[in-house]
Amino acid sequence: MQIDAPDRVWKNGTMIAWKDATIHALSHGLHYGTAVFEGIRCYDTQSGPAVFRLKDHMTRLHTSAKAIHMTIPYTVNELCAATKDVVKQNGLRSCYVRPISLFGVSGIGVNPIGYPVDTFIMAFPLGAYLGDDGIKNGIRVHTSSWRRISSASVPATAKICGNYVNSALAVMEAKQNGFDEALLLNEHGMVAEGSGENIFAVFNDIIATPPLSTGILPGITRDSVIRTARGMGYDVVERSLRRGELFLADELFFTGSAAEVTPIRELDRRPVGNGKPGPVTKRLQARFLDITTGKDPEYSEWLDSVQ
Ligand code: PPE
């Protein structure tokens with residue numbers, strides 16, 4: 001996915017030029033995947049740009065770091081302030097924010113304890129992650145031959161860069177097979193998540209999504225959708241789902257900071273429902289858009305104004 005490079009990037013407390021936002025080739029995070037990141041959206045609202053659930057994302061960055069024994073030398077509040085600064089200094093209104101912290105250079109070897117930690121925060125405009133047609137009409141998904149990495153091997157529920165080789169393999173396979181996105185099952189064959197999204201299924205107006213114990217990323221969009229759907233009167237259950245059950249669902253959709261609420265119109269060459277985004281998905285998608293763009297006062301605390 002192409003992006004337009006902004007002017008400035010935040011690195012370890014100072015603003016630098018985009019072209020200088022580089023890392024050394026011997027960085028531990030590059031060699032061994034020992035880095036953690038976030039994906040956050042900032043929306044254009046009536047009161048200026050506002051970042052969606054910024055504090056929750058930065059808290060998750062810290063939690064992910066803890067899982068790999070990394071101490072980010074900036075507090076959650078400092079990272080939130082830095083994010084707003086990056087958005088402001090680049091004159092952005094609606095954009096995607098990508099913070100990343102990695103173990104840098106010290107020597108060679110797998111153990112990074114005592115290595116320096118570098119933190120970058122980038123922000124740039126980003127359209128619909130799964131395409132304009134995808135967010136409107138739904139996407140075509142296939143079940144990956146790759147299983148979601150197990151929490152028995154790595155902290156799979158943390159947003160660790162190395163974990164994403166699993167996602168990259170799955171999405172490459174999906175694209176090569178002519179699909180838009182992959183769905184991964186976990187090591188026990190239960191439905192887990194997309195390469196960069198959580199999944200929801202609708203059965204007779206009951207909304208189901210795999211529990212965190214499946215080994216999925218605890219998505220902030222997932223949490224937002226669960227809470228708003230319950231507030232709208234829907235029954236939302238977190239329960240294990242089998243692949244076969246998904247073919248019986250009336251509706252399926254993905255959630256993610258990048259993907260937002262994206263309908264799934266086809267799974268493994270079977271139409272979902274009538275092959276068009278269903279009413280529940282459309283209601284939740286519209287509600288999510290209202291909330292993120294500041295048109296819904298009920299969840300205004302989820303928006304952090306950049307001004
Ligand atoms: N599962 C995975 C594996 C995942 O990467 C994401 C976010 C989610 C679920 C949804 O989590 P949340 O964003 O908190 O609702 N994926 C990020 C990275 C996408 C990318 O291409 O990079 C994102 O959406 O920002």
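Attention shifts here to the domain arrangement of the chain. Partitioning the chain into domains gives domain 1 (8–124) and domain 2 (132–292). Facing 20 residues of domain 1, the contacting portion of domain 2 comprises 20 residues. For the pair domain 1 and domain 2, the summed buried area comes to about 1700 Å², and 63% of that belongs to carbon and sulfur atoms. Of the charged contacts, one joins D223 and R53 as a salt bridge, the two residues approaching to 2.8 Å between their closest N and O atoms. Counting every contact that joins domain 1 to domain 2 gives twelve residue pairs in polar contact (both at pLDDT 80 or more). Those elements that place two or more of their residues in the side of domain 1 that touches domain 2 are β3 (35–37), β4 (40–45), α2 (54–67) and β6 (95–103). Of the residues forming the side of domain 1 that touches domain 2, the biggest block, five residues, is contributed by α2. Of the residues in the side of domain 1 that touches domain 2, the class split is ten nonpolar, five polar and five charged.

With that out of the way, let us pick up unusual backbone geometry. Non-glycine residue N12 carries a positive phi angle of around 45°. Within the secondary structure, N12 sits in the loop between β1 (8–11) and β2 (14–17). Accessibility expressed as a relative area gives 27% for N12, which makes it partly exposed. Despite not being glycine, R269 shows a phi value in the positive range, around 65°. With respect to the secondary-structure elements, R269 resides in the loop between β15 (260–267) and β16 (270–271).

With that settled, the discussion passes to the site of the ligand. Lining the immediate environment of the ligand, one finds 20 residues, of which Y96, Y129, Y164, E193 and T221 sit closest. Y96 places a polar side-chain atom, nitrogen or oxygen, 2.5 Å from an oxygen atom of the ligand. At a separation of 2.7 Å, an oxygen atom of the ligand approaches a polar backbone atom of I220. Computed on the free molecule, the ligand has an accessible area of 550 Å², of which 92% lies beneath the protein chains in the complex. Where the shell around the ligand is concerned, the elements lending two or more residues are β6, α6 (220–231) and β14 (251–256). Tallied by class, the residues present in the shell around the ligand amount to six nonpolar, nine polar and five charged. Two domains share the shell around the ligand, each providing at least three of its residues, namely domain 1 (8–124) and domain 2 (132–292).

Another aspect to go through is a nonpolar patch on the surface. Residues L26, Y32, V105, I108 and V110 make up a contiguous nonpolar surface patch of roughly 450 Å² in combined accessible area. Of note, L26 is situated in the loop between β2 and α1 (28–32). In this structure L26 comes out as partly exposed when scored by relative accessible area, which is 31%.

Reading guide: rules and limits
- Residues numbered from 1 in each chain as written.
- Predicted model: local features only at pLDDT ≥ 70, side-chain atom pairs only at ≥ 80, totals over all residues.
- Heavy atoms only, no water.
- Domains from an automatic or database assignment.
- Contact = heavy atoms within 4.5 Å.
- Buried area = accessible area lost by both parts, 1.4 Å probe.
- Salt bridge = Lys/Arg side-chain N within 4 Å of Asp/Glu carboxyl O.
- Polar contact = N/O pair within 3.5 Å; in protein donor to acceptor, adjacent residues only side chain to side chain.
- Helix = DSSP H or I, 4+ residues; strand = E, 2+ residues; numbered from the N terminus.
- Nonpolar A, V, L, I, M, F, W, Y, C, P; charged D, E, K, R; others polar.
- Buried < 20%, exposed > 50% of the residue type's maximum accessible area, 1.4 Å probe, protein only.
- Near = heavy atom within 4 Å.
- Areas by Shrake-Rupley, 256 points an atom, 1.4 Å probe, with all protein chains shown as cover.
- Patch = residues over 30% accessible without salt bridge, like charges linked within 9 Å, V, L, I, M, F, W, Y side chains within 5 Å.

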